[in-house]
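Per-entry structural report
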There are 2 protein chains.
Amino acid sequence: MNEPIPLQVDDTELALLTDLYQLTMTQAYWKEDMHAPATFSLFFRRLPPTRRFMLACGQQHAAALLSRLRFGDEAIKRLAGTELFEDGFLDWLADWRFEGDIHALPEGTPVFANEPLLEVDAPISQAQLLESLVMNLVQVETVLASKAVRLVMAARGRPVVDFGMRRMHGVDAAVRGVRAYRTAGLAGTSNVLGGLRHDLALNGTMAHSYILAHDDEDDAFRAFARHYPGTTLLVDTHDTLDGVRKVIDLMHKAPELGVKAIRLDSGDLGELAKGARALLDEAGLEEITIVASSGLDEVQIDALLEDGAPIDAFGVGTQMGVSADAPVIDLSYKLVEYAGEPRVKHSPGKINLPCRKQLYRRLDDQGQYAGDVIALRDESIEDGEALLRPLVQAGQLNDDEMARASEARERVADALARFPDDVRHLEEGESDYPVELGPGLERLQSSF
Amino acid sequence: MNEPIPLQVDDTELALLTDLYQLTMTQAYWKEDMHAPATFSLFFRRLPPTRRFMLACGQQHAAALLSRLRFGDEAIKRLAGTELFEDGFLDWLADWRFEGDIHALPEGTPVFANEPLLEVDAPISQAQLLESLVMNLVQVETVLASKAVRLVMAARGRPVVDFGMRRMHGVDAAVRGVRAYRTAGLAGTSNVLGGLRHDLALNGTMAHSYILAHDDEDDAFRAFARHYPGTTLLVDTHDTLDGVRKVIDLMHKAPELGVKAIRLDSGDLGELAKGARALLDEAGLEEITIVASSGLDEVQIDALLEDGAPIDAFGVGTQMGVSADAPVIDLSYKLVEYAGEPRVKHSPGKINLPCRKQLYRRLDDQGQYAGDVIALRDESIEDGEALLRPLVQAGQLNDDEMARASEARERVADALARFPDDVRHLEEGESDYPVELGPGLERLQSSF
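Residues numbered from 1 in each chain as written. Chains lettered and ligands numbered in written order. Predicted model: local features only at pLDDT ≥ 70, side-chain atom pairs only at ≥ 80, totals over all residues. Heavy atoms only, no water.

**A short note on the interface of chain B and chain A**
How big an interface is tends to be stated in terms of accessible area lost as the parts join. Taken together, the contact pairs 112 residues of chain B with 113 residues of chain A. Overall, the association of chain B and chain A removes approximately 9700 Å² of surface from exposure, summing both partners, and the carbon and sulfur fraction of that is 60%. Our enumeration of links across chain B and chain A arrives at eight salt bridges. Its salt-bridge partner being glutamate 13 of chain B, residue arginine 197 of chain A comes within 2.7 Å of it at the nearest N-O pair. Inspection of the region where chain B meets chain A yields 45 residue pairs in polar contact (both at pLDDT 80 or more). Broken down by element, the side of chain B that touches chain A gets its largest block of residues, eleven residues, from helix H5 (residues 124-154) of chain B. Taken together, the residues of the side of chain B that touches chain A sort by class into 56 nonpolar, 32 polar and 24 charged. (Contact = heavy atoms within 4.5 Å. Buried area = accessible area lost by both parts, 1.4 Å probe. Salt bridge = Lys/Arg side-chain N within 4 Å of Asp/Glu carboxyl O. Polar contact = N/O pair within 3.5 Å; in protein donor to acceptor, adjacent residues only side chain to side chain. Helix = DSSP H or I, 4+ residues; strand = E, 2+ residues; numbered from the N terminus. Nonpolar A, V, L, I, M, F, W, Y, C, P; charged D, E, K, R; others polar.)

**Regarding empty space enclosed by the protein**
Here the idea is plain: a probe the size of a water molecule rolls over the atoms and shows the empty space left. Under the counting rule described, the total for this entry stands at eleven cavities of 30 Å³ or more. A volume near 110 Å³ is recorded for the largest cavity. For the largest cavity, the full set of lining residues is Ser41, Phe43, Asn114, Lys334, Leu335, Val336, Val344, Lys345, Asn352, Leu353 and Lys357 of chain A together with Leu212 of chain B. Elements supplying a minimum of two residues to the lining of the largest cavity: strand E1 (37-44) and strand E12 (331-338) of chain A. (1 Å grid on protein atoms, 1.4 Å probe; cavity = no way out; pocket = protein on both sides within 12 Å on 5 of 7 lines; lining within 4 Å. Points joined across faces, edges and corners; volume = space filled by probe spheres on them.)

**Focus: the UniProt feature "domain: Nicotinate/nicotinamide phosphoribosyltransferase" (unreviewed entry) in chain A**
The residues that UniProt annotates with the feature "domain: Nicotinate/nicotinamide phosphoribosyltransferase" (unreviewed entry) are residues 160-322 of chain A. Each end of residues 160-322 of chain A is marked by a C-alpha atom, and these two atoms are 16 Å apart; helix forms 48% of the span and strand 12%. (UniProt positions renumbered as here; feature names shortened; annotations may be inferred.)

**A closer look at the layout of surface pockets**
In this structure, the second largest pocket spans a volume of roughly 1000 Å³. Lining the second largest pocket are 49 residues, with Asp330 of chain A together with Arg167, Ser294, Gly295 and Thr318 of chain B sitting closest to its centre. Among the elements of the structure, helix H5 (124-154) and E12 of chain A together with helix H8 (208-212), strand E11 (313-316) and helix H13 (318-321) of chain B are those that each provide at least two residues to the lining of the second largest pocket. In terms of residues, the lining of the second largest pocket owes the most to one element, E12 of chain A, which gives five residues. A class-by-class count of the residues in the lining of the second largest pocket yields 19 nonpolar, 17 polar and 13 charged.

**Brief notes about the relation of the copies chain B and chain A**
The operation relating the two chain copies consists of a rotation about an axis and a shift along that axis. You can overlay chain B on chain A at an RMSD of 0.0 Å; the transform is a turn of 180° with a shift of 0.0 Å along its axis. The relationship between the two copies is best expressed as a two-fold rotation axis. Of the C-alpha atoms belonging to chain B, the one lying closest to the rotation axis is found on aspartate 172 of chain B, 2.7 Å away. Interface overlap between copies is the fraction of interface residues in one copy that are interface residues in the other; for chain B against chain A it reaches 100%, indicating a shared surface. (Least-squares fit on C-alpha atoms with pLDDT ≥ 70 in both.)

**Quick look at the pairing of strand E9 (residues 261-264) of chain B**
Residue and element names in this part refer to chain B. Every second residue of E9 is oriented toward a common face, with Ala261 and Arg263 on one face and Ile262 and Leu264 on the other, all of them buried. In this sheet, E9 lies alongside strand E8 (residues 232-234) in parallel orientation, the contact comprising three bridges. Along E9, the bridge assignment pairs leucine 234 with arginine 263. Assessed by its sense of winding, the connection that carries the chain from E9 through helix H11 (residues 269-282) to strand E10 (residues 289-292) is right-handed. (Buried < 20%, exposed > 50% of the residue type's maximum accessible area, 1.4 Å probe, protein only. Pairing = 2+ DSSP bridges. Right-handed = clockwise from strand over helix to strand, strands pointing away.)

**Some thoughts on the domain arrangement of chain A**
Residue and element names in this part refer to chain A. As far as domains go, chain A holds domain 1 (14-146 + 326-446) and domain 2 (149-321). Taking only C-alpha atoms into account, the centre of domain 1 sits 38 Å from that of domain 2. Facing 23 residues of domain 1, the contacting portion of domain 2 comprises 22 residues. Here domain 1 and domain 2 share an interface that buries about 1800 Å² over both sides, 59% of which is from carbon and sulfur atoms. The largest contributions to the domain 1 side of the interface with domain 2 come from Leu144, Arg409 and Leu426, which together make up 41% of the buried area. Joining domain 1 to domain 2, the criterion identifies three salt bridges. In this structure, the salt-bridge partner of arginine 176 is glutamate 141, at a minimum N-O distance of 3.0 Å. Applying the counting rule to domain 1 against domain 2 returns nine residue pairs in polar contact (both at pLDDT 80 or more). Those elements that provide at least two residues to the side of domain 1 that touches domain 2 are helix H2 (59-66), H5 and helix H15 (408-418). Taken together, the residues that form the side of domain 1 that touches domain 2 break down as eleven nonpolar, seven polar and five charged. (Domains from an automatic or database assignment.)

**Regarding the UniProt feature "domain: Nicotinate phosphoribosyltransferase N-terminal" (unreviewed entry) in chain A**
Residues annotated by UniProt as "domain: Nicotinate phosphoribosyltransferase N-terminal" (unreviewed entry) correspond here to residues 16-138 of chain A. In this annotation, residues 16-138 of chain A is assigned 42% helix and 20% strand; the end-to-end C-alpha distance for the span is 17 Å.

**Some details on helix H6 (residues 170-184) of chain B**
Residue and element names in this part refer to chain B. With 15 residues, H6 should cover 21 Å at 1.5 Å per step; its first-to-last C-alpha distance of 21 Å lies within 8% of that length. Along its length, H6 reaches its greatest deviation from straightness, about 25°, at glycine 177. Taken across its 15 residues, H6 has 15 buried, putting it largely inside the fold. Looking one or two places after H6, you find glycine 185, whose phi comes out positive at around 105°. (Expected span 1.5 Å × (residues − 1). Bend = angle between axes of the 7 residues up to and from the residue.)

**Some thoughts on the sheet that holds E9 of chain B**
Ordered in space as E7-E6-E11-E10-E9-E8 (chain B), the six strands form an open sheet in which the pairing is parallel. Each of the sheet's edge strands pairs with one partner strand only, and the pair in question is strand E7 (188-189) and E8 of chain B.

**Looking at the packing of H5 of chain A against helix H6 (residues 170-184) of chain A**
Packed helix pairs are specified by the crossing angle of their axes together with the interaxial distance, meaning the distance between the axes. Residue and element names in this part refer to chain A. H6 packs onto H5 with a crossing angle of 45° between their chain directions and a minimal axis gap of 8 Å. Between H5 and H6, the angle falls in the class oblique. Handedness of the H5/H6 crossing: right-handed. In contact with Leu137, Val140, Glu141, Leu144, Ala145, Ala148, Val149 and Val152 of H5, H6 contributes Ala173, Arg176, Gly177, Arg179, Ala180, Tyr181 and Ala184. (Axes fitted to C-alpha atoms, helices over the stretch in contact; angles between N-to-C directions. Parallel < 35°, antiparallel > 145°, perpendicular 65-115°, else oblique. Left-handed = near helix turned anticlockwise from the far one by under 90°.)

**So, the environment of leucine 426 of chain A**
Residues and elements named next belong to chain A. Mapped onto the secondary structure, leucine 426 falls in the loop between helix H16 (421-424) and strand E19 (435-437). Taking the C-alpha atoms as reference points, leucine 426 and histidine 103, 323 residues apart in sequence, are found 30 Å from one another. Those residues within four positions of leucine 426 in sequence are excluded, and the remaining contacts are Arg150, Met153, Ala154, Glu298 and Asp302.

**Digging into the packing of H6 of chain A against H6 of chain B**
Running from N to C, H6 of chain A and H6 of chain B cross one another at 170°; their axes reach a closest spacing of 5 Å. Here H6 of chain B runs roughly antiparallel to H6 of chain A, going by the angle between their axes. On the side of H6 of chain A, the interface is formed by Gly170, Val171, Asp172 and Arg176 of chain A, while H6 of chain B contributes Gly170, Val171, Asp172 and Arg176 of chain B.

**Overview of the pattern of salt bridges**
With the rule as written, the count across this model stands at 77 salt bridges over all chains. Notably, a salt bridge pairs glutamate 141 of chain B with arginine 179 of chain B, separated by 2.8 Å at the nearest N-O pair. Taken as a pair, glutamate 141 of chain B in helix H5 and arginine 179 of chain B in helix H6 lie far apart in primary sequence, 38 residues in all. Note on glutamate 141 of chain B: relative accessible area 0%, which makes it buried. Owing to a relative accessible area of 3%, arginine 179 of chain B belongs among the buried residues under this scheme. Taken together, the shared-partner salt bridges connect Glu119, Asp121, Glu337, Arg356, Lys357 and Arg377 of chain A into one network.

**Thoughts on the confidence of the model for chain A**
Summary statistics for chain A give a mean pLDDT of 94 and a share of 98% for residues scoring 70 or more. Across the predicted assembly, pTM comes out at 0.97 and ipTM at 0.96. (pLDDT = per-residue confidence, 0-100.)

Structure follows, in structure tokens:
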């Protein structure tokens, strides 16, 4: 292609980021005059084997975009070019806007299989059209937040910093990922735009290329520490412990540079951290901390700390940036109610819960979570907090609920402490945390 | 966050999509007056276990963006706000532009471990700044194209259509993914914006929600087929073979609707396809084809066809959309030459090839590929085609080379036919395809 390649998707094009059948089905609804109210529910059927919960994330971002979704002139023209759509339908589409309701879990809510993350109530000709986009928007943040929180748990209070921008799936994932990381509890990110936009501290050290561009490692260390007093020096370009000795030498000659940390980025991180710590301590440089990076995931971090590795902070990238062990969840957006009637697909071996719903999380006397109840939206469950909140009402964003997204990070930390231990375990396997159906939903479900 | 959430990244912000250390190192180069020419090489050290080659993709898109990368006023203001940068450096950055050269493999070139996908020659203060962005841009398209081509190979000439937009990692991956899919040889996509922008045929059928919103399946089939004569009907909402019988009934009553295909989306696809085929053939509807979808990957497609499943086309989504078995490659952008001298990091057990390079692919007498040679850019290898081409020269896009991106799809098909069989095998394992070093590089490499 020789034409300029557009960088991004702007507001006028976003409505076209959908699957073709959403548009052809909507045209069919339009032709059949089917505009009765529908409810679609967003949920996943199964946790990935290496997840004991997911962290719902991205719903606020999705709601903000969906509430202003429009088919602009250019979009209508491009649809006309496909010759699949009638003029009358395209006119209707030019006036289309979302006028329904969206209920969603607050961002940062831990969620289990079959629980609704989000429900859309609207004429079917509106609700159907949101499907592909809402799934794309919620999927990526939920997948990334759910991976990142495992790294935070594995690090046991030590800071975890995102170094993964370069290996994430494109520009949007890289920028919006930082939103998910902030919610999950990461301490910082190397991603400048992501961090600035989503208010997460910027962190950075130095790369091997900087060392290699200098005549020797000493020169590179000295120059960089002079430019950035209190910096972190990367010590593994040639020989890690030799690099540590050079840092010690530099600090003895020029203590005013106040090198704050060293970074290990290759080799046996546990052994090298022990060796480096011993050298630094012998030299009276107990205040210099050790940062480790190099393809780390939560299993490796857990093993390093279990083994007593004296590592003070972790930089993580590749594995977290694509959630390598579980890069996708089995997210579904299913019609559950139409024209006031429950609707459900009969799938052998699959649970499909009909009707609009509410999710309750019950507390015990000690303030710990005792279990979840998936209920009909109209049945009230005692002792449980109703988690799905109205984000969009009659097409308008609910500002109070949107503002709650800023509490997402605190919500995660608070919620995790309230779950039984086995929900937080990192190893494969399911927790015993109970998720039940409310009596009304149970009765309805068994009647199908 | 209550503020409006920006949808995407525009041109004025793109330069901020980088890792912080690229900017702090560049400020250090600026302070040290280090502007000597450098070469950085983009390559991966290892193929994922389930890949026998990768399909290089995204280089043209990256080159187009990098050649126009600027730090706009707003970007400079935001960097100033971090208090990490001096005014003099920010002034220099406001005038910064890429004035170097980029050599790259044409998109759609199969590539193996340690082979350069792309090399940047520029003052180090320019080349360093491209690292994070070029990796992000090339990574996602290369990962997705490399997965998609396996599905194409598994389908043995049958059309493979992308249904995966909803489960890809964000907006950019979803749109740009279609570019990679076109290169890899997919027949179509359900992704409207992706298909329109990147010139891949749009495909779509119908969803279970459409069936469920009607009073019964017959009504839904009849209505949809009337709206879209020659359409594909989804037959598995209730009972697959029962759904097929309803299609047969419809076609007997209203043959003018010309239903073209049925889609199976759940259950034992092989058995159901055989059952459906038998019913259709008995009814004299041999012309109705069978489309299968439902979490398919290349291993399942291969097994279905090996077992004789009468499936005519495949819709694939989740597994392909995140390249679930290999969502990331170990891509590196390494300094290999600075100020005319080779530079190399010494990493035990890792190969680091110094100096600017060229990649040659040798043909045998039958026009088959005989092996690759990674050589110094200045040494000439006989009988081999030099694959790295000048995409950007002195900061300007080379239009002739950019135009070659439009041949990427044909390039893939042609190249795959020229490799030994074992390069195309789908099972885990390495091929025997030889990748060697040129004599000059071999000599230089052994001297380190």
